[in-house]
Amino acid sequence: MTKESILDAELDELRRLLERVDISEGDLIPLMQEAINNWTPDDLNNDVGEVVTVGDGIATVKGLKEVKYGEILLFARGVRGMVQELKPGIAGCILFGDDRKITSGSLVKRTKKTAAMPVGENFLGRVVNALGAPIDGYGKIEAESFRRIESPAPTIIERQPVNKPMETGLLAIDSMFPIGRGQRELIIGDRQTGKTAIALDTIVNQKGKDVICIYVAIGQKASSVAQLTENLKKRGALKYTIIVAATAADSAPLQYLAPYSGTALGEYFMRKGNDVLIVYDDLSKHAIAYRTLSLMLERSPGREAYPGDVFYLHSRLLERSAHLSDAEGGGSMTALPIVETQAGDVSAYIPTNVISITDGQIFLESSLFFSGQRPAVNVGISVSRVGGDAQTKAMKKASGGMKLSLAVHREMEVFTQFSSDLDESTKAQLQFGQGLMRMLRQRQYHPYSQTEQVILLTAAMHHVMQPVAIDKIDEFCKGLLEYAPEAMPEVIAEIESTGKLSDEHQQKIITEAKKFRDKMFPSEG
């Protein structure tokens, strides 16, 4: 409707009023001139603004008087953005599309909506970007509903204690640093130390356990994401996994948004009562993307040039992982955030932040990795703050004392590396520790079941494999696991059905393991 047609309609309305009121038409002329001079459509006044500057995925906008933080704005040619900075008369906005489509002076429209992620069962087995759009070439995804990308974490009343194990299939982790459903366990270490490998092994190990997995790739090469997707597909793990990818080619706003989008997907399934595992790979790149945005928005830099709210960036993300109470459906979301260190420095800004937010950390050491110890878990620094609450009684009984034994072995190795004259007890202790470390070596994509872990740990902790030569430990472990189903089926049945290990069955494992050792490795026995 044009300005003239609106004024004509108003004049007609006023003439009708004149018939009932004692005012002449001539008296209305000054009134109408004033209306014309001061006329501005309400919609244009409140809901449409103008781009002041644009570049590097950031736009500053003026004229939106009532715009809110986190609101979605619509720019020219369909580009969308989200308000991240509010200053007097100016709004700073991050863009989710090509900023080359926008120029200074372009109009901006308010949507009065906050950012939301499409969610639904149809996302399983698919690769999507940070906005929920498919990027795997298999067509459109029909969403069941939408969830806000930024939403409050569950309250204390809505939670219950973490008490169910989230098994990784990795002997080194499940035995000493157990992860529970609803826990946040950090994986931290230098580049190329096997951080992503641990996360992928954990995803593969959830096959047949009714756990939905979400892998969020932040700032990685597109080829790496494609290779990871193919590996999961080859092992039958992609059908219960969603990959949310914001690659290195994507803009900083999309890399910033990706973890929150993945969490919104996870919350959809958690609120339905499902168990969810979400991997953030990695939060170091996420913090760098947020630092880029903040500097472009002219926020004051702090330590290491990060903005002052970088702690809140990750705390509000990771606090959304929880084990919900039965009244809320009993679902859970377990988070495995990954952080990269520089030269093993865990005292840097982002590592210390995330360590303080999470419920424990698995520290991977470069020297262990290059010596062939994989996963390269440093037993001294790694910890799980949930501990035995997330272990079955069988696992707790089988692994008791293992962490202490490895700590003693590590300390003894340091003190004896320059000594050639050792007494027999010291040699035995060193050999026992070396055997344990060798047993903890595990190939990627070869997870152990809980029963297999209990059998190996029971045999190891009772010194059954101590006489076996170090280079034959792998062969001993593989042979024992093949021998176990025939030799002790009742033990396996008890562990699988009850999660417990009686003294009688523990002794049965020790006896059968010794029989197997004496038969297959007679010289060592």
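Conventions and cut-offs
- Residues numbered from 1 in each chain as written.
- Predicted model: local features only at pLDDT ≥ 70, side-chain atom pairs only at ≥ 80, totals over all residues.
- Heavy atoms only, no water.
- Axes fitted to C-alpha atoms, helices over the stretch in contact; angles between N-to-C directions.
- Helix = DSSP H or I, 4+ residues; strand = E, 2+ residues; numbered from the N terminus.
- Parallel < 35°, antiparallel > 145°, perpendicular 65-115°, else oblique.
- Left-handed = near helix turned anticlockwise from the far one by under 90°.
- Contact = heavy atoms within 4.5 Å.
- Salt bridge = Lys/Arg side-chain N within 4 Å of Asp/Glu carboxyl O.
- Buried < 20%, exposed > 50% of the residue type's maximum accessible area, 1.4 Å probe, protein only.
- 1 Å grid on protein atoms, 1.4 Å probe; cavity = no way out; pocket = protein on both sides within 12 Å on 5 of 7 lines; lining within 4 Å.
- Points joined across faces, edges and corners; volume = space filled by probe spheres on them.
- Nonpolar A, V, L, I, M, F, W, Y, C, P; charged D, E, K, R; others polar.
- Pairing = 2+ DSSP bridges.

Digging into the packing of helix α14 (residues 424–439) against helix α16 (residues 473–487)
Working step 1: One way to put it is that α14 packs onto α16 with a least axis distance of 9 Å and a crossing angle of 60°. Considering their axes alone, α14 and α16 lie oblique with respect to each other. Judged by the twist between their axes, the crossing of α14 over α16 is right-handed. Of the residues in α16, those in contact with Gly435, Arg438 and Met439 of α14 are Ile473, Asp474 and Cys477.

Considerations on the pattern of salt bridges
Working step 1: The tally for this structure, following the rule as stated, stands at 26 salt bridges.
Working step 2: For Glu267, the salt bridge is made with Arg320, and the minimal N-O distance between the two is 2.9 Å. Taken as a pair, Glu267 in helix α7 (residues 252–271) and Arg320 in the loop between α9 (310–318) and β14 (332–340) lie far apart in primary sequence, 53 residues in all. Like Arg320, Glu267 is buried.

A word on the layout of surface pockets
Working step 1: There is about 1,400 Å³ of room inside the largest pocket.
Working step 2: In terms of lining residues, the largest pocket is bounded by 44 residues, among which Gly194, Thr196, Ala197, Ile198 and Gln444 are the most central.
Working step 3: Counting only elements with at least two residues in the lining of the largest pocket, the list comes to α5 (195–205), α6 (222–234), β14, α14 and α16.
Working step 4: For the lining of the largest pocket, the element with the most residues is α5, which contributes 6 residues.
Working step 5: What the second largest pocket holds in volume is close to 460 Å³.
Working step 6: Contributing to the lining of the second largest pocket are 17 residues, with Ile72, Arg80, Ala115, Ala116 and Leu131 lying nearest its centre.
Working step 7: Elements represented by at least two residues in the lining of the second largest pocket include exactly β3 (71–74), β6 (107–114) and β7 (116–119).
Working step 8: Broken down by element, the residue count for the lining of the second largest pocket peaks at 3 residues, all from β6.
Working step 9: In terms of residue class, the lining of the second largest pocket is made up of 11 nonpolar, 4 polar and 2 charged.

Some words on the pairing of β14
Working step 1: Burial analysis of β14 places 8 of its 9 residues in the buried class, the great majority of the element.
Working step 2: Pairing geometry for strand β10 (residues 186–189) and β14, over 3 bridges, is parallel. Within β14, the residue paired with Ile188 across the bridge is Val339.
Working step 3: Pairing geometry for strand β13 (residues 275–281) and β14, over 7 bridges, is parallel. For Val279, the partnering residue across the bridge sits in β14 and is Leu336.

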